[in-house]
Amino acid sequence: MVVGEFSTEIDVLVIGAGPGGYVAAIRAAQLGKKVLIVDKAELGGVCLNRGCIPSKALISAAHRYEEMQHSDDMGFTAEGVKVDFQKVQSWKQGIVKKLTGGVGSLLKGNGVEIINGEALFVSPSEVRIYQGNEFNRYKFNHCIIATGSRPVELKAFPFGGRILSSTEALQLDEIPKSLVVIGGGYIGIELGQTFAKFGTKVTVIEGADQILPQFESEIVRWVQRKLKKDGVKVHTKAKALSATQTDSNVTVKFEVDGEEKEVTADYLLVTVGRVPNTDELGLDEIGLQKDERGYIKVDNQCRTNIENVYAIGDIVAGPALAHKASYEGKVAAEVIAGHASAVDYKCIPAIVFCDPEIASVGLSETEAKEKGYSVTTGKFNYAANGRALSLNANEGFVKLVADKDSGVVLGGQIVGPGAPDLIAEIGLSIEMGATLEDIALTIHAHPTLGEMVMEAAENALGQGVHTLTK
Ligand SMILES: Cc1cc2nc3c(=O)[nH]c(=O)nc-3n(C[C@H](O)[C@H](O)[C@H](O)COP(=O)(O)OP(=O)(O)OC[C@H]3O[C@@H](n4cnc5c(N)ncnc54)[C@H](O)[C@@H]3O)c2cc1C
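Let me begin by describing the structure that accompanies this report. (Residues numbered from 1 in each chain as written. Predicted model: local features only at pLDDT ≥ 70, side-chain atom pairs only at ≥ 80, totals over all residues. Heavy atoms only, no water.)

1. Here's the deal with the state of the cysteines
The criterion, for reference: Any pair of cysteine sulfurs within 2.5 Å is marked as a disulfide. Only protein chains enter the accessibility calculation, which uses a 1.4 Å probe; a residue is then buried when its area is under 20% of its type maximum, exposed when over 50%, and partly exposed in between.
Taken as a whole and assessed by the stated rule, the structure comprises one disulfide. One disulfide bridge connects cysteine 47 with cysteine 52, the sulfur atoms lying 2.3 Å from each other. Judged by the torsion about the S-S bond (-125 degrees), the cysteine 47/cysteine 52 disulfide is left-handed. For cysteine 47, a relative accessible area of 11% translates into the label buried. Given the relative accessible area of 26%, cysteine 52 is considered partly exposed. Free of any disulfide, cysteine 347 has its nearest neighbouring cysteine sulfur in cysteine 302, separated by 17 Å. Look at cysteine 347 and you get buried, because its relative accessible area is 14%. A disulfide-free cysteine, cysteine 354 has its sulfur positioned 15 Å from the sulfur of cysteine 52, the nearest such atom.

Have a look at this one:
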């Protein structure tokens, strides 16, 4: 091993080039800082390489396949529709390559230095960056840790062979005939339903009393119905017990209502959560504080207990989402540049790209009531929207939650096609302190799905034109 004798001095060191790290690096560079970013793997992190982007590409391919086969009500009869899954996979990889290449160009274009290597803290102001067995030392003025997370591995279901994490599930080169999914959170449901659309027989085992437990049951009901149509068998309040693998399949034992059951499938996908990558960075040695689950403790400026060290993204508390990581990245970079930035989590959208898609931002009706608001709500159904019908997308609704006295919008939930994009208007309304009236008075183009947000506001105000009752 060659020991780096000299330490290079740098201003801002960013560890990890996922949506947290690369955005932080670019923002810091825009603010005039000299930035070095290091990643031990590919630029773009989990989101671009093993998360958001590849999963959404497969989801959209699965939708295309489903539509090709099942558009009879619009007058199409398609026969012999075939899927070349390896081609689907290479199309997906092409998107990943384009985007990760784009991240590299953006970093370079902003003058950020990029190193492919693994960082390890040796002091509160110095890291070693390993490239193989060799390392170099870097002293920094500021550091932003953005090392992300990895799938939780359960003792009874160790990854390997036919037991997959989301990473391997996204890279299968053939469509499995059958698949068991442990964990009905958003990753498990998105991937499970995607394979079901490609023809896989899917069984989901979820411990809670509904899948997607963080969403209200009036929303999840729509997804459950569609999962059933897609042939997905969902077991809730179920406990996965064990798995036995052979060369060709895996058998999973689980318990529901005190009864033991088993299911055999080509693969088992375990999606029961993520753990922060904070255990192999030398953080304990430098006295950086974490909580009992390994998340780094930060203040509202993303600063850790070590003055010049910041942490963002999946390694700090809050939802493990790419847009939250990027948002914190911008805040950390601005704080380092001397701005009075701070995080405000009032409005982090949560999306599930299941079918129908679901999206939520701000407070749900239940949460608003729990917070003591006197609440009013307005709803509008896809079935009454002309654009939705012309898209053959008549299932779902838009719901607005507002303070009854002031009309100020507190939250919104959408279930139905386009929900992930439609929710942005409600997020902006919350950020701007808009009222139901503001939304109702905004002219929305016709015919669009966006009109449903306006009509939900009108509905809450008792002025609905295309709905009869509030
Ligand atoms: C299947 C799946 C689907 C998802 N879909 C969505 C979605 O639709 N929308 C959404 O918002 N979120 C989604 N996510 C979550 C999203 O990917 C994460 O929230 C996001 O990637 C977190 O960003 P990050 O910057 O904190 O970390 P990451 O993206 O995890 O990046 C961390 C980077 O740090 C590097 N690193 C780690 N340790 C070191 C070290 N010691 N030295 C150098 N480099 C290191 C890693 O190689 C990695 O590149 C999905 C996740 C999965 C798994």
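Right, picking up where we left off after that structure.
2. Some thoughts on the site of the ligand
Heads up, the condition is: We call a residue near a molecule or strand when any one of its heavy atoms sits within 4 Å of it. We call two N or O atoms a polar contact when they sit within 3.5 Å, provided that within protein one can donate a hydrogen and the other can accept it, with sequence-adjacent residues counted only if both atoms are side-chain atoms. We get accessible surface area from the Shrake-Rupley algorithm with a probe of 1.4 Å; when it comes to residues, only the shown protein chains can shield them.
Taken together, 40 residues lie near the ligand, and Gly20, Asp39, Lys56, Asp314 and Ala322 sit nearest. Contacts to the ligand include alanine 322, whose backbone N or O atom sits 2.8 Å from an oxygen atom. In this structure, histidine 323 approaches the ligand through a side-chain N or O atom, which is 3.4 Å from an oxygen atom. In isolation the ligand offers 1000 Å² of accessible surface; the protein chains occlude 96% of this area.

3. Brief notes about empty space enclosed by the protein
Inclusion rule: A pocket here means an open set of points on a 1 Å grid, computed over the protein atoms alone, that has protein on both sides within 12 Å along at least five of seven lines. A cavity is instead a set of points where a 1.4 Å probe fits but cannot get out; residues with an atom within 4 Å of a point line either one. Grid points are joined across faces, edges and corners, and a volume is the space filled by probe spheres set on the points. Secondary structure elements follow DSSP: runs of H or I no shorter than four residues count as helices, runs of E no shorter than two count as strands, and numbering proceeds from the N terminus.
Counting across every chain of the model gives one cavity of 30 Å³ or more. When its volume is computed, the largest cavity comes out at roughly 40 Å³. Among the secondary structure elements, those contributing two or more residues to the lining of the largest cavity are helix H3 (52-69) and helix H6 (186-197). For the lining of the largest cavity, the element with the most residues is H6, which contributes four residues.

4. Brief notes about the sheet that holds strand E8 (residues 163-164)
For clarity, the cut-off: The pairing criterion is simple: DSSP has to find at least two bridges between the two strands. What makes two residues a contact is simply this: any of their non-hydrogen atoms within 4.5 Å. Each axis is a line fitted through C-alpha atoms, taken for helices only over the stretch in contact, and angles between the N-to-C directions span 0 to 180 degrees.
Reading across from one edge, E8-E15-E9-E10-E11 is the order of the five strands in this open sheet, with parallel pairing throughout. Both outer strands of the open sheet, E8 and strand E11 (233-235), are each paired with one neighbouring strand and no more. As paired elements, strand E9 (residues 178-182) and strand E15 (residues 267-270) share four bridges and run parallel to each other. Residue pairing across strands places valine 181 opposite leucine 269, the latter belonging to E15. Packing against the sheet, H6 makes contact with E9, strand E10 (201-205) and E15, and its axis sits at approximately 160 degrees to E10.

5. Some words on the packing of aromatic side chains
Aromatic ring pairs are reported here in terms of the distance separating the ring centres and the angle at which the planes meet. For clarity, the cut-off: When two rings of Phe, Tyr or Trp (its six-membered ring) have centres within 6.5 Å they constitute a pair, described as stacked for plane angles under 30 degrees, edge-to-face for angles over 60, and tilted for the intermediate range. Both a distance and an angle decide whether a charge sits over a ring: NZ of Lys or CZ of Arg must be within 6 Å of the ring centre and within 35 degrees of the ring normal.
Counting across every chain of the model gives six aromatic pairs. Clustering of aromatic rings is evident, with ring pairs tying together Tyr65, Phe85, Phe195 and Phe198. Stacked on the ring of tyrosine 267, the Lys or Arg arginine 162 has its end atom at 4.8 Å from the ring centre. Cation over ring: lysine 379 sits above phenylalanine 397, and NZ or CZ is 4.1 Å from the ring centre.

6. Overview of the sheet that holds strand E18 (residues 350-352)
Within the open sheet, the five strands sit side by side as E18-E19-E22-E21-E20. Their pairing is antiparallel. At either margin of the open sheet sits one strand with a lone partner, and together these are E18 and strand E20 (375-381). If you compare each strand with its neighbour and ignore which way they point, the axes differ by 10 degrees on average. Two strands pair when backbone bridges link them, and strand E21 (residues 397-403) and strand E22 (residues 409-415) are joined in this way by six bridges, in the antiparallel orientation.

7. Thoughts on unusual backbone geometry
A cis amide bond links aspartate 355 with the next residue in sequence, proline 356, at an omega value of -5 degrees. With respect to the element layout, proline 356 can be found in the loop between E18 and strand E19 (358-362). In this structure, proline 447 follows histidine 446 across a cis peptide bond, with omega equal to -5 degrees. Looking at the element boundaries, proline 447 is found in the loop between helix H12 (436-441) and helix H13 (451-460).

8. So, the side chain of aspartate 355
In this structure, aspartate 355 sits in the loop between E18 and E19. A polar contact of 2.6 Å, which involves the side chain of aspartate 355, links it to the side chain of lysine 197. Once you skip the residues sitting within four places of it in the chain, aspartate 355 turns out to touch His63, Glu66, Gln193, Lys197, Val223 and Lys226.

9. With respect to the nonpolar core
The line we're drawing: We call a set of buried Ala, Val, Leu, Ile, Met, Phe, Trp, Tyr and Cys residues a nonpolar core when their side-chain atoms join them within 4.5 Å.
Ile189, Val202, Leu212, Val223 and Ile358 are the most contacted members of the largest nonpolar core, which has 35 residues in total. Counting residues per element, the ones that place at least two in this core are H3, helix H4 (85-109), E9, H6, E10, helix H7 (217-229) and E15. When residues no more than four places from it in sequence are discounted, the contact partners of leucine 212 are Gly184, Gly185, Tyr186, Ile189, Val220, Val223, Val352, Cys354 and Ile358.

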